[in-house]
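# Observations on the model geometry
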Amino acid sequence: MARQDDDAVDRIVSQWAAVRPDVDVSPIHVVGRVSRLSRLIDRRLAESFARYGIESWMYDVLATLRRSGEPYELSAGDLVRQSMVTTGAITNRIDRLEERGLVERAAAAGDRRKVIVRLTPAGLRLVDDVVLGHVATERELLGGLSPNQQRDLAQLLRRMLLSLGDEADTPGPP
């Protein structure tokens, strides 16, 4: 019988327990919830970004350049490493952002083969506007947890990411 505070993962675990009681499905309690949370968070963030006429991948690139500090530029290779996508994907992303006038390419001084990508003034204005709404959306997403619970969850997630090989020099989107 389902309890009032059961979620979809509880239902899934119960179903497995009923049909395969010989299998320890306890990891689903965590991994299933992290997976479902990821999808729900992605959906909510996509809605937030859509209000600014951009997609999450656009914000990823713009925010990575903005966080780099003045002059808000990185090599294409640095963008690849920090965005955890392929060289082809980052080239496509830069092309599309360049078409919208949000970034521009320049050859690196002394090495014309090395491409530098920098925010344009329009890109800087946009990312500075979007970050405020983005952080507000993230704060709203965490509204069901107390500040102490948020801190504890952040520490546990950090520990798990590090145990799986995530590194500080390959940050994700935020």
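Definitions and limits used
- Residues numbered from 1 in each chain as written.
- Predicted model: local features only at pLDDT ≥ 70, side-chain atom pairs only at ≥ 80, totals over all residues.
- Heavy atoms only, no water.
- Axes fitted to C-alpha atoms, helices over the stretch in contact; angles between N-to-C directions.
- Helix = DSSP H or I, 4+ residues; strand = E, 2+ residues; numbered from the N terminus.
- Parallel < 35°, antiparallel > 145°, perpendicular 65-115°, else oblique.
- Left-handed = near helix turned anticlockwise from the far one by under 90°.
- Contact = heavy atoms within 4.5 Å.
- Nonpolar A, V, L, I, M, F, W, Y, C, P; charged D, E, K, R; others polar.
- Salt bridge = Lys/Arg side-chain N within 4 Å of Asp/Glu carboxyl O.
- Buried < 20%, exposed > 50% of the residue type's maximum accessible area, 1.4 Å probe, protein only.
- Lys, Arg positive; Asp, Glu negative; His and termini not counted.
- Core = buried A, V, L, I, M, F, W, Y, C linked by side-chain atoms within 4.5 Å.
- Patch = residues over 30% accessible without salt bridge, like charges linked within 9 Å, V, L, I, M, F, W, Y side chains within 5 Å.
- Areas by Shrake-Rupley, 256 points an atom, 1.4 Å probe, with all protein chains shown as cover.
- Charge placed at Lys NZ, Arg CZ, Asp CG, Glu CD.
- Expected span 1.5 Å × (residues − 1).
- Phe/Tyr/Trp six-rings, centres within 6.5 Å; stacked < 30°, edge-to-face > 60°.

### Comments concerning the packing of helix α2 (residues 27–50) against helix α6 (residues 121–141)
At a closest axis distance of 10 Å, the pairing of α2 and α6 adopts a crossing angle of 150°. In terms of orientation, α2 and α6 fall into the roughly antiparallel class. Of the two elements, α2 crosses α6, and the hand of that crossing is right-handed. Of the residues in α6, those touching α2 at Ile41, Arg44, Leu45, Ser48 and Phe49 are Val130, Gly133, His134, Thr137, Glu138, Glu140 and Leu141. The residue inventory of the contact of α2 with α6, partitioned by class, reads five nonpolar, four polar and three charged.

### With respect to the pattern of salt bridges
Applying the stated criterion to the full structure yields 12 salt bridges. Salt-bridge contacts for Asp7 lead to Arg33; the nearest nitrogen and oxygen are separated by 2.8 Å. With a gap of 26 residues between them, Asp7 in the segment before α1 (8–19) and Arg33 in helix α2 connect regions that are remote in the sequence. With a relative accessible area of 25%, Arg33 lands in the partly exposed category. Two residues, Arg118 and Glu104, come together in a salt bridge whose shortest N-O distance is 3.6 Å. Here Glu104 lies in strand β2 (residues 103–108) and Arg118 lies in strand β3 (residues 111–119), a separation of 14 residues in the sequence. Overlapping salt bridges bring together Asp7, Asp10 and Arg33 as one network.

### Structural notes on the side chain of Arg93
Within the fold, Arg93 resides in helix α5 (residues 87–99). Buried charge Arg93 goes without a salt bridge, the closest partner of opposite sign being Asp60 at 4.8 Å. Those residues in contact with Arg93 that lie beyond four places of it in its chain are Trp57, Val61 and Val85.

### A few points about the nonpolar core
Counting 24 residues, the largest nonpolar core has Leu62, Leu65, Leu79, Leu97 and Val103 as its most contacted members. Mapped by element, the contributors of at least two residues to this core are α2, α3 (56–67), α4 (76–83), α5, β3 and α6. Broken down by element, the residue count for this core peaks at seven residues, all from α3.

### Re a positive patch on the surface
Together, Arg11, Arg36, Arg39 and Arg43 make up a region of like positive charge exposed at the surface. The dominant element in the positive patch, judged by the number of residues it contributes, is α2, at three residues. Tracing the chain through its elements places Arg43 in helix α2.

### Focus on unusual backbone geometry
Cis geometry is adopted by the peptide bond preceding Pro71, which originates at Glu70 and carries an omega value of 5°. You can see Pro71 is positioned in the loop between α3 and β1 (73–75). Here the phi dihedral of Tyr72 falls at roughly 60°; this positive angle occurs in a residue that is not glycine. Take Tyr72: it is sitting in the loop between α3 and β1.

### Concerning helix α7 (residues 147–163)
Taking 1.5 Å of rise per residue, the 17 residues of α7 would be expected to cover 24 Å, and the 24 Å separating its terminal C-alpha atoms lies within 8% of that figure. Taken from the residues just after α7, Gly165 is the one with a positive phi, measuring 95°.

### Remarks on the packing of aromatic side chains
Inspection of every chain in the model, using the stated rule, returns one aromatic pair. A centroid spacing of 4.9 Å and a plane angle of 25° characterise the contact between Phe49 and Tyr59, whose relative ring orientation is stacked. Of the two residues, Phe49 is situated in helix α2 and Tyr59 in helix α3; the sequence distance between them amounts to 10 residues. Assigned by exposure class, Phe49 and Tyr59 land together as buried.

### Quick notes on the environment of Gly123
Position of Gly123 relative to the elements: it lies in helix α6. Separated by 91 residues in the primary sequence, Gly123 and Gly32 have C-alpha atoms spaced 37 Å apart. Leaving out residues up to four positions away in the same chain, Gly123 has contacts with Gly101 and Leu102.

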